[in-house]
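Take a look at the letters that make up each chain.
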Amino acid sequence: MPTRLIDRTSVTAAARGPVDAGLAVLETTWRAAAACHDGSANAFYPPSTTENREQRQEREAEARALCRRCGVRQTCLEYALYVQEPYGIWGGLTELERRRLLRTRAGGAG
């Protein structure tokens, strides 16, 4: 997996939360240890076609179950919060849940 560098200037300090500086620069180490590393991303991202509420809930439950067993779940979540990942389930949280968490952290930082 290629290493991806992160543009740190695009994220506000309040929204970052408690993130390890090494995590923000290189993501290959923790990603290689992720439970989802060798699996399909289908459960983590919505399909290109529409899905009903039941299908979405089943897909998200499958992704969350894998996240619960993952040894780098918190690191994954912190990474997604740091880069403000707009899509998919990361660290067991959906896009909406991550946005709420960022707002909570930003409100507590001031």
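The structure presented is a predicted model; accordingly, all values stated were derived computationally and were not measured. (Residues numbered from 1 in each chain as written. Predicted model: local features only at pLDDT ≥ 70, side-chain atom pairs only at ≥ 80, totals over all residues. Heavy atoms only, no water.)

**Remarks on unusual backbone geometry**
Phi at Gln 84 is positive, roughly 50°, even though this residue is not glycine. In this structure, Gln 84 sits in the loop between helix H5 (73–83) and helix H6 (95–109). (Helix = DSSP H or I, 4+ residues; strand = E, 2+ residues; numbered from the N terminus.)

**Notes on the nonpolar core**
In terms of nonpolar packing, the biggest core is built from 8 residues, these being Trp 30, Ala 34, Cys 70, Val 72, Cys 76, Tyr 79, Ala 80 and Trp 90. Looking at which element gives the most residues to this core, the answer is H5, with 3 residues. In this structure Val 72 touches Trp 30, Ala 33 and Ala 34, once residues within four positions along its chain are discounted. Core analysis: the next-biggest nonpolar cluster, separate from the first, contains 5 residues, Ala 43, Phe 44, Ala 63 and Cys 67 among them. (Core = buried A, V, L, I, M, F, W, Y, C linked by side-chain atoms within 4.5 Å. Buried < 20%, exposed > 50% of the residue type's maximum accessible area, 1.4 Å probe, protein only. Contact = heavy atoms within 4.5 Å.)

**Focus on helix H4 (residues 53–68)**
Spanning 16 residues, H4 covers 22 Å between terminal C-alpha atoms, matching the ideal 22 Å at 1.5 Å per step. Of the positions making up H4, those classed as buried are Arg 59, Glu 60, Ala 63 and Cys 67. Summarising the axial view, the buried residues of H4 lie within an arc of 95°, below the 170-degree limit, and thus occupy one face. In H4, the exposed positions angled more than 90 degrees off the buried face are occupied by Glu 54, Glu 62 and Arg 68. For H4, the elements touching its buried residues are H5. Residue Asn 52 occupies the N-cap position of H4, its side-chain oxygen lying 3.0 Å from the main-chain nitrogen of Glu 54. (Expected span 1.5 Å × (residues − 1). Arc of directions from axis to C-beta. Polar contact = N/O pair within 3.5 Å; in protein donor to acceptor, adjacent residues only side chain to side chain.)

**Notes on the confidence of the model for the chain**
Here the chain averages 80 in pLDDT, while 73% of its residues score no lower than 70. Considering only residues more than four positions removed or in separate chains, one finds that residues 1–17, a stretch of pLDDT under 50, has 36 contacts. (pLDDT = per-residue confidence, 0-100.)

**Describing the packing of aromatic side chains**
Counting across every chain of the model gives 2 aromatic pairs. Ring plane angle 50° and centroid distance 5.4 Å describe the contact between Trp 30 and Tyr 79, whose orientation is recorded as tilted. One end of the pair, Trp 30, is in helix H3 (residues 28–33); the other, Tyr 79, is in helix H5, and 49 residues separate them in sequence. Measuring from ring centre to ring centre gives 5.8 Å for Tyr 79 and Trp 90, while their planes differ by 35°; the resulting arrangement is tilted. Of this pair, Tyr 79 sits in helix H5 while Trp 90 sits in the loop between H5 and H6, and the two are 11 residues apart along the sequence. The structure contains a cluster of three or more aromatic residues connected by ring pairs, namely Trp 30, Tyr 79 and Trp 90. (Phe/Tyr/Trp six-rings, centres within 6.5 Å; stacked < 30°, edge-to-face > 60°.)

**Structural notes on the pattern of salt bridges**
Applying the stated rule across the entire model yields 4 salt bridges. The shortest N-O distance in the salt bridge between Glu 51 and Arg 59 comes to 2.7 Å. For Glu 51, a relative accessible area of 24% puts it in the partly exposed group. By relative accessible area, which is 11% here, Arg 59 ends up buried. Note that Glu 60 is salt-bridged to Arg 56, the shortest N-O span being 3.4 Å. Of this pair, Glu 60 and Arg 56 both sit in helix H4, 4 residues apart, which is roughly one turn of that helix. Relative accessible area serves as the criterion here: at 32%, Arg 56 is assigned to the partly exposed category. (Salt bridge = Lys/Arg side-chain N within 4 Å of Asp/Glu carboxyl O.)

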